[in-house]
Structure formats: C-alpha cells, structure tokens
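Architecture and fold: a report
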Amino acid sequence: MIQEANANNRLPNVTYKVNPAEVIPAADKSVQLIAASQAAHWFDLKKFYAEGNRVLCPSGVMALFGYEFPKLRVNEQDGEKNRLLKKALDDLYKVDLHNCWAAERKLVDRRYENFVIPYENFVRNDNFYHELETNVSDIGNYVLTWSGYQKYCKNHGDKEGKTLITKFQNRIMEILNATTDPNETKIVKRTSYFLLMARTSKC
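First, a word on scope: everything that follows refers to the structure included in this document. The numbers attached to residues start from 1 for each chain and follow its sequence in the written order. In keeping with the model being predicted, local features are shown solely for residues with a pLDDT of at least 70 and side-chain atom pairs are shown and tallied solely at 80 or more, while totals for entire chains, interfaces and linings include all residues. Values reported for side chains reflect all heavy atoms of the structure, with hydrogen atoms and water molecules removed beforehand.

In the contact formed by helix 6 (residues 147-156) and helix 7 (residues 158-176), the axes pass within 7 Å of each other and the chain directions differ by 135°. With respect to each other, helix 6 and helix 7 are oriented oblique. Taken together, the residues of helix 7 that come into contact with helix 6 (itself represented by Tyr 149, Tyr 152, Cys 153 and His 156) are Asp 158, Glu 160, Gly 161, Lys 162, Leu 164 and Ile 165. Only C-alpha atoms enter the line fits that serve as axes; for helices the fit covers just the stretch in contact. Angles between N-to-C directions range over 0 to 180 degrees. Only runs of H or I of at least four residues qualify as helices and only runs of E of at least two qualify as strands under DSSP, and these elements are numbered from the N terminus. If an angle is under 35 degrees, it is roughly parallel; if it is over 145, roughly antiparallel; if it lies from 65 to 115, roughly perpendicular; otherwise it is oblique. Contacts are assigned to residue pairs with any non-hydrogen atoms lying within 4.5 Å of each other.

Printed below as a string of structure tokens:
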C-alpha cells in the first residue's frame, strides 16, 4: 500500500511513510498537526502523547477522531422499519460476530469517552454526522470491510462468511418488503463522528 501511494504521488510537498504511532519520523517541534482517524484505540497512548509533544511545534494540534456504528433507515417517518433495521444491524454486529471483535473495539463504541489528550485547550465534539443514500448491496459490501467479519471468515471460512452476508441482506430486504434487486433497493446510512483535539503549549 505504501509503495502504491508513493508511486502515485504527484505532490512535491507530500510524502508517505510507515511508522508506529509511538515513533513519529519527524524532527523535534517540526509538525503543525497530528491526526489519527479510527486508529487511536490501537495506540500506546502514553507513548503516543509524549511523541506528539516532542514533534509538534508550539501551539501544534493533535486531533483524534473516529466514527461509531452506523444507523440504517428508510425515512424519518417509518419508525417501525427503522427500528427493525437497527435491530438487524445490531444482531449482525453483537450476535453473529460477537466473538470476532478485538477488545479495543469497545473503545470506539464508547466514542473514546475516557480519552483525554494531555495538552492545552482540550475539546471534543460529537455533533458531526454524514448521511449517505446507498443500496442494500452496498451495505453488505460495507460489512465486508469490518475486521470482525474478516475474523469470522478466518474462523469459519469464506463460504460461511458469504452465507452470513446473504442472510443479512435478505433480512434487510424482508424488512423493507422490497421486490427490487438489492443493488437497486435504496436505504440511508447515517454515520456519526467524534472528534478530540488539543494544542501543545505556545512555548
């Protein structure tokens, strides 16, 4: 992946490197912003914060952000279908895949509630969200990206994994009472985000 990024880089002021979060390849006080998306729950935070303090310039910013489990809906008015859609996704996540998630996943589910960046002006914002009109097939493809689903396939085989996705998609189609193809059956996916930020001292 890093080789592909560097091979396709057309920006002279952008470089790509791979390093542990706790060992940032930058000189002291040389960085204005450190951003980590859906990743900080894997870090050794004490070491990461110390490394951030080393490389960030005065008043440099650290931003940690992530997104919570999405919600599915058909429209705002159809409360019963929306409730059933939520339960279908919850069952997939919490029942079918319940033994397949790393313990760190709980930190994301809790929106990094106990994370405090130990710099100045620490703030958090939980008000961002994004809604996307998609289709049932794409929701199934989205599940394929879950680490929990990939662990399920590793434990049970790809065939069982595909069966699980088919079962989930069929359940969504039944809830929607849809007769169209899953690729053509519209549904809305809402994703809520959380953002934590803080600055290093001015001197």
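Past the structure itself, the notes keep going.
Salt bridges, as used here, are contacts in which a Lys or Arg side-chain nitrogen is within 4 Å of a carboxyl oxygen on Asp or Glu. As enumerated under the stated definition, the model contains 13 salt bridges in all. Each member of the salt-bridge network shares a partner with another, and the members are Glu 68, Lys 71, Arg 111, Arg 124 and Asp 126.

With that settled, consider the state of the cysteines. When two cysteine sulfur atoms lie within 2.5 Å, the pair is treated as a disulfide. According to the stated counting rule, one finds 0 disulfides in the structure shown. Just so you know, Cys 153 is unpaired, no disulfide at all, and the nearest cysteine sulfur is the one on Cys 100, 8.9 Å from it. Of the residues examined, Cys 153 reaches a relative accessible area of 12% and is grouped as buried. Relative accessibility thresholds used throughout: buried, under 20% of the residue-type maximum; exposed, over 50%; partly exposed, between the two (1.4 Å probe, protein chains only).

One pair of aromatic rings is described through two measures. These are the centre distance and the angle between the planes. Working definition: rings of Phe, Tyr and Trp (its six-membered ring) pair if their centres are within 6.5 Å, and the pair is stacked with planes under 30 degrees apart, edge-to-face with planes over 60 apart, and tilted otherwise. One pass over the structure, following the stated rule, counts 12 aromatic pairs. Measuring from centroid to centroid gives 5.0 Å for Tyr 112 and Phe 194, while their planes differ by 75°, and the two rings are edge-to-face. Taken together, the positions of Tyr 112 in the loop between helix 4 (105-109) and strand 4 (120-135) and Phe 194 in strand 5 (residues 186-199) put the pair 82 residues apart, joining distant regions of the chain. Judged by relative accessible area, which is 0%, Tyr 112 ranks as buried. A network of ring pairs unites the aromatic residues Phe 69, Tyr 93, Trp 101, Tyr 142 and Trp 146 as a single cluster. Throughout this description, the term charge over a ring refers to an Arg CZ or Lys NZ atom that lies within 6 Å of the ring centre and within 35 degrees of the ring normal. One residue, Arg 105, lies across the ring of Trp 101, its end atom 5.7 Å from the ring centre. In this structure, Lys 189 packs its charged tip against the face of Tyr 142, placed 4.4 Å from the ring centre.

This part takes up helix 7. Helical geometry note: an α-helix holds 3.6 residues per turn, so side chains three or four residues apart project in the same direction. Here a helix's expected span is defined as the number of its residues, less one, multiplied by 1.5 Å. Its 19 residues give helix 7 an end-to-end C-alpha distance of 27 Å, which sits within 8% of 27 Å, the value for a rise of 1.5 Å per residue. Of the residues making up helix 7, those classed as buried are Gly 161, Leu 164, Ile 165, Phe 168, Gln 169, Ile 172, Met 173, Ile 175 and Leu 176. Buried residues belonging to helix 7 abut strand 3 (71-73), helix 3 (79-96), helix 5 (136-144), helix 6 and strand 5. Positive phi appears at Asn 177, one or two residues downstream of helix 7, with a value of about 55°.

With that settled, consider unusual backbone geometry. Here the phi dihedral of Gln 38 falls at roughly 50°; this positive angle occurs in a residue that is not glycine. Note that Gln 38 resides in the loop between strand 1 (31-37) and helix 2 (45-55). By relative accessible area, which is 17% here, Gln 38 ends up buried. Although it is not a glycine, Asn 121 sits at a positive phi angle of roughly 55°. Considering the arrangement of structural elements, one finds Asn 121 in strand 4.

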